[in-house]
Every structure is written in C-alpha cells, then in structure tokens.
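Read off the chains here:
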Amino acid sequence: MVSWTSPKPFIFFQNNKLQLNNDVLYGLEQVDIPLIPVCIAGRLRSGKSYLMNRLVGRKTGFPLGCTVEAVTKGIWVWYIEHPSKKNVGLLVMDTEGLDDPDGGYEDYDMAILSLSILLSSTLIYNEIGLIGNSLIDKLNFVTEMSRRIKCDTNANSDADFDGFFPQFVLAIRDLTLELKIDGLEVTDDEYMEKKMLTANKNATTNREKKRNETKLKLRQYFPHRKCFTFISPLQELKVLKKPEDMSDIELPNAFVEKSNDFCNFIYQNSKVKKLKLVQPVTGPIFVQLAKIYLEAINKNTIPCVESAINLIAESENVKALEDAMVVYSRTMAATPLPVDKEELEKSHTTSHTVAINYFLRKVFLDENKKYQEKLQAQLAREYIRYVEQNQEASHSKCMKILDQLYLPMSIKMKSGAYVKRGGYEEYTEDLDELERKYNQIPNKGALSDVSIQTFLVNRKRDRDTIVRALLTKCEREREHERAEQEQVKLKTQLDRAKEGQAKENEELLRRTIAEQLQLLEEKHQADLEQQKQAFEQLIEMREREQRRLLEETFAEEAVRLRNEVDKLKSKKTNIMEYISTVAESLGDMLHDMLLCKR
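From a predicted model like this one, the values you see are computed outputs, not experimental measurements.

**Q** What is the right way to look at the pairing of strand β3 (residues 35-42) in this model?
**A** Note on strand geometry: in a regular strand, side chains alternate between the two faces of the sheet. Counted residue by residue, β3 has 8 buried out of 8 residues, so it is predominantly covered. Residues of β3 alternate between two faces, with Leu35, Pro37, Cys39 and Ala41 on one and Ile36, Val38, Ile40 and Gly42 on the opposite face, all of them buried. For β3 and strand β5 (residues 89-95), the ladder comprises 6 bridges, and the chain directions are parallel. Following the sheet pairing, Val38 is matched in β5 by Val92. Pairing of β3 with strand β6 (residues 122-128), which is carried by 5 bridges, proceeds in the parallel orientation. By the bridge assignment for β6, Val38 is matched with Thr122.

**Q** How do you make sense of the pattern of salt bridges when you look at a structure like this?
**A** For side chains bearing opposite charge, pairing can occur when the charged atoms are close. Considering all chains together, one arrives at 21 salt bridges under this definition. Close ionic contact of Arg147 with Glu144 constitutes a salt bridge, the shortest N to O distance being 2.7 Å. For Arg385, the salt bridge identified is with Glu382, shortest N-O distance 2.6 Å. Residue Arg385 and its partner Glu382 are both found in helix α12 (residues 370-415); the two are separated by 3 residues, about one turn of the helix. Judged by relative accessible area, Arg385 falls into the partly exposed class, the value being 35%. Each of Lys412, Lys420, Glu426 and Asp430 takes part in a single network of salt bridges with overlapping partners.

**Q** Mind showing me how you'd approach the sheet that holds β3 here?
**A** As a general point, the strands of a sheet are linked pairwise by backbone hydrogen bonds and lie either parallel or antiparallel. The sheet built from 8 strands is open, its strands ordered β2-β1-β4-β5-β3-β6-β7-β10 with mixed pairing. What marks the edges here is a single partner per strand, and that holds for β2 (17-20) and β10 (225-229). On average, each strand axis in the sheet is inclined to that of its neighbour by 20°, with strand direction left out of account. Running at roughly 145° to strand β1 (residues 8-14), helix α1 (residues 22-29) makes contact with β1, β2, β4 (75-81) and β5 of the sheet.

**Q** Looking at this model, I keep getting lost on the packing of helix α9 (residues 283-298) against helix α10 (residues 305-333). Mind explaining?
**A** Pairs of packed helices are described in terms of their axes, by the angle between the two and the distance that separates them. One way to put it is that α9 packs onto α10 with a least axis distance of 10 Å and a crossing angle of 135°. Considering the angle they form, α9 stands oblique to α10. The hand of the α9/α10 crossing is right-handed. Every residue of α10 that contacts α9 at Ile285, Gln288, Leu289, Ile292 and Tyr293 is listed here: Val305, Ala308, Leu311, Ile312, Ser315 and Glu316. Looking at the contact of α9 with α10 residue by residue, the class counts come to 8 nonpolar, 2 polar and 1 charged.

**Q** What's the story with the packing of aromatic side chains in this structure? I'm lost.
**A** The way to describe two aromatic rings as a pair is by their centre distance and the angle between their planes. Summed over the entire model, instances satisfying the criterion amount to 20 aromatic pairs. Plain terms: the ring middles of Phe168 and Phe222 are 5.1 Å apart, the flat faces sit at 40° to each other, and that makes the pair tilted. Residue Phe168 is found in strand β7 (residues 167-173), and its partner Phe222 is found in the loop between α6 (206-221) and β10; the two are separated by 54 residues along the sequence. In terms of burial, Phe168 and Phe222 fall into one category: buried. By way of ring pairs, the aromatic residues Tyr50, Phe228, Phe230, Phe255, Phe262 and Phe265 are connected into one cluster.

Rules used in this analysis
Residues numbered from 1 in each chain as written. Predicted model: local features only at pLDDT ≥ 70, side-chain atom pairs only at ≥ 80, totals over all residues. Heavy atoms only, no water. Buried < 20%, exposed > 50% of the residue type's maximum accessible area, 1.4 Å probe, protein only. Helix = DSSP H or I, 4+ residues; strand = E, 2+ residues; numbered from the N terminus. Pairing = 2+ DSSP bridges. Salt bridge = Lys/Arg side-chain N within 4 Å of Asp/Glu carboxyl O. Axes fitted to C-alpha atoms, helices over the stretch in contact; angles between N-to-C directions. Contact = heavy atoms within 4.5 Å. Parallel < 35°, antiparallel > 145°, perpendicular 65-115°, else oblique. Left-handed = near helix turned anticlockwise from the far one by under 90°. Nonpolar A, V, L, I, M, F, W, Y, C, P; charged D, E, K, R; others polar. Phe/Tyr/Trp six-rings, centres within 6.5 Å; stacked < 30°, edge-to-face > 60°.

Purely geometric numbers; function is a separate question.
Here it is as structure tokens:
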C-alpha cells in the first residue's frame, strides 16, 4: 500500500453523533500490514498539526490555522509507509483541539480522548508554555478513564490499563525557561517526572489531592513515557500565522534539532499496535476496532477492549479459515488432473504449505486452537476430495484409451474372427499387445495400473464367449478353472493396488498434518513467549512504580500495586506451564486427527 498524498477526515461529528468516513475506512482496509498509529491531542490552537506534518516529512498536509478558530475537526488520519521499518505502516492521527467551544456535545472531548487512547500505540499530548498545575489540571481526564474504558467484561478496575494503553509523549511547546531544578540542569524527561508526575505527599486540599490522583494515574496508565521541550520557533506574530511557509534554514537550529529528535524517537520507539500483547493490528483490524468503539460511545456505553477483540477474532478467524482454503484450492488448481500420485502429492504439499502460511499470517488470537483444528480437518477432507477427483479423472482417461485400443478387437469379436482354430490364442496375443501399447502411453494418472487390471478383469465375458465356441466340454472346464484362477489373481492385484493407494494417501496425510502442527506449534509458542516477555516488562515497571510510591509514602497505593504485581507473576507462571504442555497437546491432536481419517 503506497503512502497517501494527504491526510483525510476519519471521524467527524454529524447528526448529534460521531461518525466514520467510509472512504477512509475503505482506504485503511487496503493496508494489510501491521500499523503504528501515532495520535496527538492537546488544547485548541497549540500547534498539534504542525508537529504531525513534520512527522510525515511535509510542511503542509494537516490543516493549520492562524486564528482562534479550530481548523482540525474530529480526528484526521494520514497513512504513510514507515520511514525506517519494512512492512510496517505509520498512521498519523491529528485530533480536534480540546475545549473547543464549537465542539460536539458535553462529553465530546472525552470521546475523542478515549478513541485516541484505544486506537493508538503512541499518544502525544501537546502543550504550550511549561509544566505546571494548569497542565496537570488539563490532564485530569485520566482519572475518568476507568469510567470510560473497560479492559474486559468482568473487570471494574483499571489495574491492567498499562498493558494496552499507548506510549505517552509530552510535547512542551514555546518553552522560554531554562531546564533547571534546584539550580541543577535536568533533561526533558527529568523535568516531566519531577514537575508533572511527582505526587505531593503533603497535599491537604481537595484540589491538591485531585492533582495527586492525576499524577498517580498518569504513572500507572503510561509506564512508557517521554518528554520533548521545544523553544519558540518564531518571534513575530505575523510569521506565526504561516509556520508552514518557514524552511528549516529560517528556523532556529535548536528548534530544528529538537524536532528531528522528536520525529526520530517516534519512528524508532513507537511500536506496532498489538492486542493482548501479541496480535498485530493491521488496517482492516484497525477499522473494525474503530467501528466497535465508536458504536459503544455513540450508545453511551463503555467501550470494552476484550469484547472488541472477541468480536473481531470470530469474524477474522472465520475469514482466515475460508481464505486459507481458497488459497489451497487455487494452488492445487494449478495442477491439471489427472496426474500420477507423486505429482499430486507434490502439488498437495506445496498447496498445503502455502495455505498454512497464509492462515498463520491471518489467524487472530486463536487461543483455544479452535480454528487451527478446523483448518486441519478441512485440509484433510479437501485433499481426499482431490485424490478422488484425480482418481476419477485418471480412470476416465484410462478407460477412454483402453476402449480406443480395444476397438479393433471388439470388431473382430463381433465378426467372429476369433471363433476359429487358434482364435483363443490370437485373442490372448491381441490382448497382450493392447496392454503393451497402453503401458507406452504417458500421463494416464494415478489409476493407470488399477484401470488396466480392472479392464482385464472385465474382459472375462469375451474370453468365455470364445471358450464356449471353440473348446470341448472338458477343455472348457479346464480353461474355465484356469480363467477363474487368473481372475482371482487379477482381482487380488487390483485390491492390493487400491489398498496401497489408500495407505500412501494416509501416510501423506500423516506427514502433512504433522508439518502443519509443527508450524502452528512454532507460532503458538512464539506468541506465548511474546506474552511472557510482555508480562516480565509489566512486572518490572509495576515493581519500579511500587518502589517510587513507597518512597513518596503512598503506602496504600503501593500495597495495591504489589497485589497487581503478584497477579501478573501468577499469570506469567501459568503461561510458562502452558508452554510446556503445548507440544504434548499438539501431539494428541495429531493422533486424534489420524484416527478420524481411518
């Protein structure tokens, strides 16, 4: 998917509700690679769009305004190929300024912020001036998030928000003060941690306590965070009206360098959005998430991440299964039937591998292996169907060849040419010549041997006709006994050939199912390993936050976090135990599948 040439309105307010732009939805559905959605929020007229234009490497794009009126309405998106990561898309999202007097409705800002958090993997909060109580008061929306977003259907707490909330980046614009605290120079991050995220342990008033709550929630929800401070790039008001007209040469070096640092950080540290820590979000998945979350918000219900994932998983896995089978059939169709069994096996092996790899790319959190098992069963049935089709095509082709070769003999039979002295021997010689010519004809398919044996068995009536006409009663009895023995021999050979074919088919099924299970096992274990690593990171971050709370004498919060850490460790232990049983369970699955084939 090529980069878009300009941003597009994604979510807008109309008819008293938020709506999605269908044209943009269609465009995003074509982006079938993992996405890194980067969203910016902040108050009205704070220069958000200018930053996002720089992020996509353009001077213009997202609409810029130079008046007190908001230009960006709702949420706009701009898809580009990631500047430094292959097979990954960067989706830049610009939101309407907060506190816009022309906003949609009372909870409009909270709806935009909730969608920004739910849909992004990096959330940039843009603010002008400095970090102070005013900024903390603006960020108090985080204290409302537990009433605006649910992690799962059963949870009423915000304990797991840090597992799916985006990375938080604070952009302080037009900073005129030196970064010094207690006379010492500090970094941008230290400035944010000290001034915005350090709680006041001596708080006594309700306002101070509310700010403490905001700080603690920011730390809890956004363990991954970063700060960038920018000096004012322009000096004269008339220039400020058209920042897109300024080249980097005309801008202060410090501003340009910090802007480049900001963009490079976003490029390198913003991660692909994932669901349940392992499932990458592609364009089509992003669209479904947006639809589900927006529908919940418009109905005044709480968007639930787990419910959204379950809804998407069901539809995506059904589609992945159907499409994988289409891929298998399409690849198999490249081999015209009939073919010999070796060629069919080769075609099946290739088609099977292509279908499995496609399924593994598309399968969506199939945690109980429900759709993996369905795929195994359907691929096995489809292969058996192809075997039967190939056999039918081979048998039909062989019988046409044999009928054509037998035509001269049939004419001789009808004319009585074989009813003479030596006629039976002539008939046998002609039949041997027919078999020789038949064996010289190539590309007869898998049932070449079975078909000729069946043909010879079916010639018994012709033999009987000749024998009755030429031989004496005693000779007929001896010939009949010999013919019966020959018939039994041919029938035995025919049965063995069919049995051998069935065993070869079963062995091929055994091999391909084993290969399929191996691929599925590798993906499953890779997903579990990702979950384990993610849990370890969460545990480390929560333990670090617990130590900080204890240092700040917030004992009650520290105890709560300690309990959450213990729960995470328990989940990690369960995952490790699960990993150890995957191979055994997959082995049992293989055994059951083979039993079903017999």
